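Breakdown of the fold
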Amino acid sequence: MLWCDRIVTYTRRIDLRSDTVTQPDETMRVAMSAAQVGDDVLDHDPTMRRLEEEAAARLGMAAALWVPSGTMGNLIALTVHLRRGDRFLAPRAAHVLEAELGTAAWLAGGMPHALEWTVGPGRIGVEDVRAFATASAPYYALHTRLLCLENTHNFAGGTVTPPDEHALLVSAAREAGLLVHLDGARLWNASIALQVPPAALTVGVDTVQVCLSKGLGAPVGSLVAGSTSFVAEARRVRKMLGGGVRQGGVLAAAGLLALERIDDLAVDHANARRLAAGLAELGWEVGVPETNIVIAAVPDVAAALTSLDRVGVQATSVPGGVRFVTHRDVPEADINEVLRRINSARSTSPAA
Ligand SMILES: Cc1ncc(COP(=O)(O)O)c(C=O)c1O
């Protein structure tokens, strides 16, 4: 059943599939073309080094390493942390479980175990960590070695784990002898939503991965951060995976500018709230977003996406719902336009 019964052709499409669609603007392209560069595989690229130092400082970590993608950052961290016969814990539907093609298992060597969201969407409890962090397992059992957190939790709808809850999870993991990796692809969003520095959300972790290409306009790039010895090992693993680049300063220059734009994410969060409120007024079943991801529950996801597509609005699916992600390339006026298009196209049965 489709809620759209009128066909109007919209030539301008509004892309809310992901914040990864943001494009480098003119200022960023100029900064990229002016970047000072060197051979990063031979002896470090100066702009990449500047970005790594700046990111490490913001994250409260000793050192950081530029990597081409968030997926590679997570894989490098898990490869350094895990051995065959190990198990790692992560919240259900974490990106490392659902969207990285199982590389945590078949490349990093860890058996994944999903923890239920007992505290809230995307949020796990300390009791769950304790229950699965089996210290005295028999020799033939998996050895639980790592807790992999995700803040914000993408598929739960950009949900935020606050610093006190994060600290409790980390200390429960530590007490159980686990290492902790944080998938912070959107850690910047969490820090803006909570109005705390990013370093307040990395307290106690061994490693963290953050992205520059989500909502900040950088075309490519993530960082994986930890101790200096971790980063030395991570550099070797990055090379094994073919992720060592030469004159990467061209990309790092975009990353440096992206870091200066973190405060702008507040606009995306306001736009997400505006979108959610507007959808609710139109009869959609939607909660209040915590950051830049809006999830609307719909009975027929494919039909809802088709209807949106017909009015030139692009979104994606999550189980049982449609996901809209706000970002810097869709201003408030376009959010209003999205709502106007949905309203003008709908029949008497909204969001059906
Ligand atoms: C939570 C999370 N982790 C990791 C990634 C992977 O990042 P990339 O697409 O740069 O590989 C994503 C991508 O959307 C993500 O949402």
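Residues numbered from 1 in each chain as written. Predicted model: local features only at pLDDT ≥ 70, side-chain atom pairs only at ≥ 80, totals over all residues. Heavy atoms only, no water.

This part takes up the packing of helix H3 (residues 46-59) against helix H11 (residues 249-260). Angle between the axes and distance between the axes: these two values describe a pair of packed helices. It is the contact of H3 with H11, at a shortest axis distance of 8 Å, that shows an interaxial angle of 30°. Classed by the angle they form, the pair H3 and H11 counts as roughly parallel. In this structure, H3 meets H11 at a crossing whose hand is left-handed. Every residue of H11 that contacts H3 at Thr 47, Met 48, Arg 50, Leu 51, Glu 54, Ala 55 and Arg 58 is listed here: Gly 249, Ala 252, Ala 253, Gly 255, Leu 256, Leu 259 and Glu 260. Of the residues that constitute the contact of H3 with H11, the class distribution is 7 nonpolar, 3 polar and 4 charged. (Axes fitted to C-alpha atoms, helices over the stretch in contact; angles between N-to-C directions. Helix = DSSP H or I, 4+ residues; strand = E, 2+ residues; numbered from the N terminus. Parallel < 35°, antiparallel > 145°, perpendicular 65-115°, else oblique. Left-handed = near helix turned anticlockwise from the far one by under 90°. Contact = heavy atoms within 4.5 Å. Nonpolar A, V, L, I, M, F, W, Y, C, P; charged D, E, K, R; others polar.)

A few words on the site of the ligand. Around the ligand sit Ser 69, Gly 70, Thr 71, Asn 74, His 95, Glu 100, Glu 150, Asn 154, Asp 183, Ala 185, Arg 186 and Lys 214, and those are all the residues in its vicinity. Contact between the ligand and Asp 183: a nitrogen atom at 2.7 Å from a side-chain N or O atom of the residue. Between the ligand and Arg 186 there is a distance of 2.7 Å, counted from an oxygen atom to a side-chain nitrogen or oxygen. Protein chains shield 84% of the accessible area of the ligand, which is 390 Å² for the free molecule. When residues of the shell around the ligand are assigned to their parent elements, the largest contribution, 3 residues, is made by helix H4 (residues 70-81). (Near = heavy atom within 4 Å. Polar contact = N/O pair within 3.5 Å; in protein donor to acceptor, adjacent residues only side chain to side chain. Areas by Shrake-Rupley, 256 points an atom, 1.4 Å probe, with all protein chains shown as cover.)

Quick look at the sheet that holds strand E9 (residues 285-286) now. Across a sheet, paired strands are connected by hydrogen bonds in the backbone, their directions being either parallel or antiparallel. Strands sit in the order E9-E10-E13-E12 across an open sheet of 4 strands; the sheet is antiparallel. Only two strands of the sheet have a single neighbouring strand rather than two, namely E9 and strand E12 (316-318). Bridge count for E9 against strand E10 (residues 293-297) is 2 bridges, and the pairing is antiparallel. Of the residues in E10, the one forming a bridge with Val 286 is Ala 296. Together, E9, E10 and strand E13 (321-325) form the strand contacts of helix H12 (residues 265-281), whose direction differs from that of E10 by roughly 15°. Relative to the sheet, helix H13 (residues 301-310) contacts E12 and E13, its axis offset from that of E13 by approximately 40°. (Pairing = 2+ DSSP bridges.)

It is worth spelling out the nonpolar core at this point. The biggest cluster of nonpolar side chains holds 46 residues, and the ones touching the most others in it are Val 129 and Leu 147. At 6 residues, H11 tops the list of elements feeding residues into this core. If we skip the residues at most four places from it in the chain, Leu 147 touches Leu 89, Leu 115, Ile 124, Val 129, Leu 169, Ala 173, Leu 178, Leu 179, Val 180 and His 181. Of all hydrophobic cores here, the second largest spans 27 residues; its members include Val 286, Ala 296, Val 313 and Ala 315. (Core = buried A, V, L, I, M, F, W, Y, C linked by side-chain atoms within 4.5 Å. Buried < 20%, exposed > 50% of the residue type's maximum accessible area, 1.4 Å probe, protein only.)

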